[in-house]
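Summary of structural features
Below, each chain spelled out in residue letters.
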Amino acid sequence: MLAIIGGSGLTQLANFDVVRREVVRTPYGEPSGALMFGTLCERPVVFLARHGYGHTIPPHLVNYRANMWALKQARVEAVVSVASVGGIRADLGPGTLVVPDQIIDYTSGRKNTYFEGGEDPVRHIDFTQPYDGALRSRLLAAAAASGVAVADGAVYATTQGPRLETAAEVNRLERDGADVVGMTAMPEAALARELDMAYAAINVVANFAAGRGNSAEQICFDSIEAVLQEAMQRVRSLLAGLCAS
Ligand code: HPA
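This one's a predicted model, so the numbers in the text were calculated from it and none came from an experiment. (Residues numbered from 1 in each chain as written. Predicted model: local features only at pLDDT ≥ 70, side-chain atom pairs only at ≥ 80, totals over all residues. Heavy atoms only, no water.)

**As for unusual backbone geometry**
Residue P162 is bonded to the preceding G161 through a cis peptide linkage, with omega at 0°. Mapped onto the secondary structure, P162 falls in the loop between β9 (155-158) and α3 (167-176). The residue C41 is not glycine, and still its phi comes out positive at about 50°. Summarising the element assignment, C41 is placed in the loop between β3 (35-40) and β4 (43-49). For H55, which is not glycine, the phi dihedral falls at a positive 50°. Within the secondary structure layout, H55 lies in the loop between β4 and α1 (64-73). Residue classification places H55 among the partly exposed positions, given a relative accessible area of 40%. (Helix = DSSP H or I, 4+ residues; strand = E, 2+ residues; numbered from the N terminus. Buried < 20%, exposed > 50% of the residue type's maximum accessible area, 1.4 Å probe, protein only.)

So this is what it looks like as structure tokens:
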């Protein structure tokens, strides 16, 4: 089954017929909200709002382990994450949809693994390609088939938040090779890999990152809302195309 994790601007899917909601308990605590089981284009899909259905859980307090564990228990095989980001690269301006292909992790203090030693043997995952290649290809094909423009490939810098970055920090992220910056890809992507679930993402550029483009002086929160609202319509078309594929 396919799971969709909705981020800022996507706490509900359109044309999603919910048949069951399930509050799941996990050894790691409570997920961000109930799992919504339903159908999208007649295909079974489970939806979870990463920040809670009232959008109350900030990125650094999301219980990523509980979320991914709950999805695994629901027999999810593939997870598509929808997450808003700031654009660093000049061609990734507000409203652009991006299917990233790499991650740099700048977070700290998050519970980022299920492998905690104790009696269990030490385990490492291969994370050379943090996003699942086949699921990325499906997303790109669905985008092409639905006529939704997406940028193929970007390096996602995951910052700790919840504050946005300084202009100097964004300069450093760019020097490191980052194209977009957000706060949620890690540890989500790594936990999915630990649980053997395919993971890919649609990033929605909500704003130019600090110090870039029209965020040269400051980031204007008023325009972010409108950008996300419009862009999420395209994300919904893309997701419908993905389910139909
Ligand atoms: N930085 C980090 N995360 C974000 C941004 C940003 O500029 N915009 C949306 N999520």
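Once you've had a look at it, read on.
**Quick word on the site of the ligand**
Taken together, the neighbourhood of the ligand is formed by S84, V85, G86, L164, E165, V181, G182, M183 and N207. Interatomic distance of 2.8 Å between a side-chain N/O atom of E165 and a nitrogen atom of the ligand. When the free accessible area of the ligand is taken as 260 Å², the share hidden by the protein chains comes to 91%. With three residues, the single largest contributor to the shell around the ligand is strand β5 (residues 78-87). Counted by class, the shell around the ligand contains four nonpolar, four polar and one charged residues. (Near = heavy atom within 4 Å. Polar contact = N/O pair within 3.5 Å; in protein donor to acceptor, adjacent residues only side chain to side chain. Areas by Shrake-Rupley, 256 points an atom, 1.4 Å probe, with all protein chains shown as cover. Nonpolar A, V, L, I, M, F, W, Y, C, P; charged D, E, K, R; others polar.)

**Regarding the pattern of salt bridges**
Summed over all chains, the structure comprises ten salt bridges. Measuring nitrogen to oxygen at the nearest pair gives 2.8 Å for the salt bridge that ties E188 to R50. Taken together, the positions of E188 in helix α4 (residues 185-194) and R50 in the loop between β4 and α1 put the pair 138 residues apart, joining distant regions of the chain. In this structure, E188 and R50 share a single accessibility class: buried. A salt bridge links D179 to R89, with the nearest nitrogen and oxygen atoms 3.7 Å apart. Of the two residues, D179 sits in the loop between α3 and β10 (180-182) while R89 sits in the loop between β5 and β6 (97-99), which places them 90 residues apart along the sequence. (Salt bridge = Lys/Arg side-chain N within 4 Å of Asp/Glu carboxyl O.)

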